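# Fold and contact review
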Amino acid sequence: MLRHFSSNLRKTKSPTRAAMVSFEETELSRERKPGNANVLRFLSYNIQVGIHSGAYKHYVTRSWQHVLPHNKRVANLDRIAALISGYDVVALQEADGGSIRTGHQNQVQYLAKTAGFPYWYQQLNRNLGRFAQHGNGVLSRIQPHIIEDHKLPGLLPGRGAIFLRFGTPANPLVLVILHLSLGKRARERQLAYVRELISDYQHVIVMGDLNSGIERLLKLAALRDTNLQFAQTKDNTYPSWCPIYNYDHILVSPSISIRRAEVLPYMVSDHLPVAMEVDLPAGFSLAH
């Protein structure tokens, strides 16, 4: 059986601290593809809980799929699994952790098992009981030595970030997966929170649905205070059938060399996925 890192989070009272999550290696494991061990492939995808959208009218005609199960959801997840199987680390947004609408299927776990990822974690951000378990997820072929669950600030609850560290504690690669709020003020606060998380690290990747274009994000003081750079071009990701907004992004530290970064024309969700291939810094080791 495929198991995730752990669901036993230690709750903390301080909003500036996160619960640290332990993890286990799964029985299912697939070795990373042969080649340069310092080359990694990343992908970020807002999967809209497995709902296929191909037109604005689907927000109305298929809105019931956000609360009730439907027989094509698994087929949509299988299409997503076929895409992500070629990557080393995958960030998911709008994934359901197992509720009525998904037939009590944890979508992060299903994608990990179907695409052959040995490590996975699902972050629950909106707990609507048996009706919806809404959140983020991460799938990885590399074992992190630390993973933390962070609740992002905002007037309305329900936004979170997953913080991972790979490699050695002395020289780690830090990955932050997040889904920001719709409001500008909330996004500013949330990015300021993330800035504090990554401030002590040299090698950082931030990816997810930031709900804002590059131009607006660059004007936010929280982002200007970092040295993060946008990996992909200004190609748009939303809506997937006629993309006019670039909402989904990958940002990296200057120490990480980008081989390529692109928006993929893979229309399953209402967002398009963003992919990146990088060379890790010289002397960096994924062993820990």
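For the structure, check the block above.
The following refers to the structure shown. As the structure is a prediction and not an experimental result, all values here were calculated from the model. (Residues numbered from 1 in each chain as written. Predicted model: local features only at pLDDT ≥ 70, side-chain atom pairs only at ≥ 80, totals over all residues. Heavy atoms only, no water.)

## Focus on the overall build of the protein chain
- Along the backbone of the protein chain there are six helices and 13 strands.
- Within the protein chain, the proportion of its 288 residues that are buried is 57%.
- Contacts in the protein chain between residues far apart in sequence, at least 24 positions, make up 69% of those at least 6 positions apart.
- Of the accessible surface of the protein chain, which amounts to about 13,100 Å², a share of 53% is contributed by carbon and sulfur atoms. (Helix = DSSP H or I, 4+ residues; strand = E, 2+ residues; numbered from the N terminus. Buried < 20%, exposed > 50% of the residue type's maximum accessible area, 1.4 Å probe, protein only. Contact = heavy atoms within 4.5 Å. Areas by Shrake-Rupley, 256 points an atom, 1.4 Å probe, with all protein chains shown as cover.)

## Digging into the pairing of strand S9 (residues 203-209)
- When you tally the buried positions in S9, you get seven out of seven residues, the bulk of the element.
- Two elements, strand S8 (residues 171-179) and S9, share seven bridges in a ladder whose sense is parallel. Considered in S9, the bridge of Leu 175 is made with Ile 205.
- Handedness of the crossover joining S8 and S9 through helix H4 (residues 184-198) is recorded here as right-handed.
- Relative to strand S11 (residues 248-252), S9 runs antiparallel, the two sharing five bridges. In the strand pairing of S11, Met 207 is matched with Ile 250. (Pairing = 2+ DSSP bridges. Right-handed = clockwise from strand over helix to strand, strands pointing away.)

## Concerning the pairing of strand S13 (residues 274-279)
- Along S13, five of the six residues are buried, which leaves the element largely enclosed by surrounding structure.
- As paired strands, strand S2 (residues 39-46) and S13 are joined by six bridges and run antiparallel to one another. Directly across from Ser 44, in S13, lies its bridge partner Val 274.
- Looking at chain direction, strand S12 (residues 257-263) and S13 are connected through six bridges and run antiparallel. Looking at S13, one finds that Arg 260 is bridged to Glu 277.

## Focus on the packing of helix H2 (residues 73-84) against helix H3 (residues 107-115)
- Remark: H2 packs on H3, axes separated minimally by 9 Å, with the N-to-C direction vectors making an angle of 50 degrees. Judged by the angle between their axes, H2 and H3 are oblique. The two elements H2 and H3 cross, and the hand of that crossing is right-handed. Two secondary-structure elements touch here, H2 through Arg 73, Val 74, Leu 77, Asp 78, Ile 80, Ala 81 and Ile 84 and H3 through Gln 107, Tyr 110, Leu 111, Thr 114 and Ala 115.
- Taken together, the residues of the contact of H2 with H3 sort by class into eight nonpolar, two polar and two charged. (Axes fitted to C-alpha atoms, helices over the stretch in contact; angles between N-to-C directions. Parallel < 35°, antiparallel > 145°, perpendicular 65-115°, else oblique. Left-handed = near helix turned anticlockwise from the far one by under 90°. Nonpolar A, V, L, I, M, F, W, Y, C, P; charged D, E, K, R; others polar.)

## Overview of the packing of aromatic side chains
- For the structure shown, the criterion picks out three aromatic pairs.
- Considering the side-chain rings of Tyr 238 and Tyr 247, the 5.6 Å spacing of their centres and the 20 degrees angle between planes classify their relative orientation as stacked. The two residues Tyr 238 and Tyr 247 agree in class, both being buried.
- Ring centres 5.2 Å apart and planes at 15 degrees place the aromatic pair Tyr 245 and Tyr 247 in the stacked group.
- On the accessibility criterion, Tyr 245 (37% relative accessible area) is partly exposed.
- By the ring-pair criterion, three or more aromatic residues cluster together here, those being Tyr 238, Tyr 245 and Tyr 247.
- The lysine or arginine in question, Arg 41, covers the ring of Tyr 87, its NZ or CZ lying 4.4 Å from the ring centre.
- In this structure, Arg 141 is placed above the aromatic ring of Phe 117, and the distance from its NZ or CZ to the ring centre is 3.9 Å. (Phe/Tyr/Trp six-rings, centres within 6.5 Å; stacked < 30°, edge-to-face > 60°. Lys NZ or Arg CZ within 6 Å of the ring centre and 35° of its normal.)

## What to know about H2
- Between its first and last C-alpha, H2 extends 17 Å over 12 residues, near the 16 Å set by a 1.5 Å rise per residue.
- All of the buried residues in H2 are Arg 73, Asn 76, Leu 77, Ile 80, Ala 81, Leu 83 and Ile 84. Projected down its long axis, H2 shows its buried positions confined to an angular sector of 160 degrees, all on one face.
- On its buried face, H2 sits against S2, strand S3 (89-96), H3 and strand S5 (133-140). (Expected span 1.5 Å × (residues − 1). Arc of directions from axis to C-beta.)

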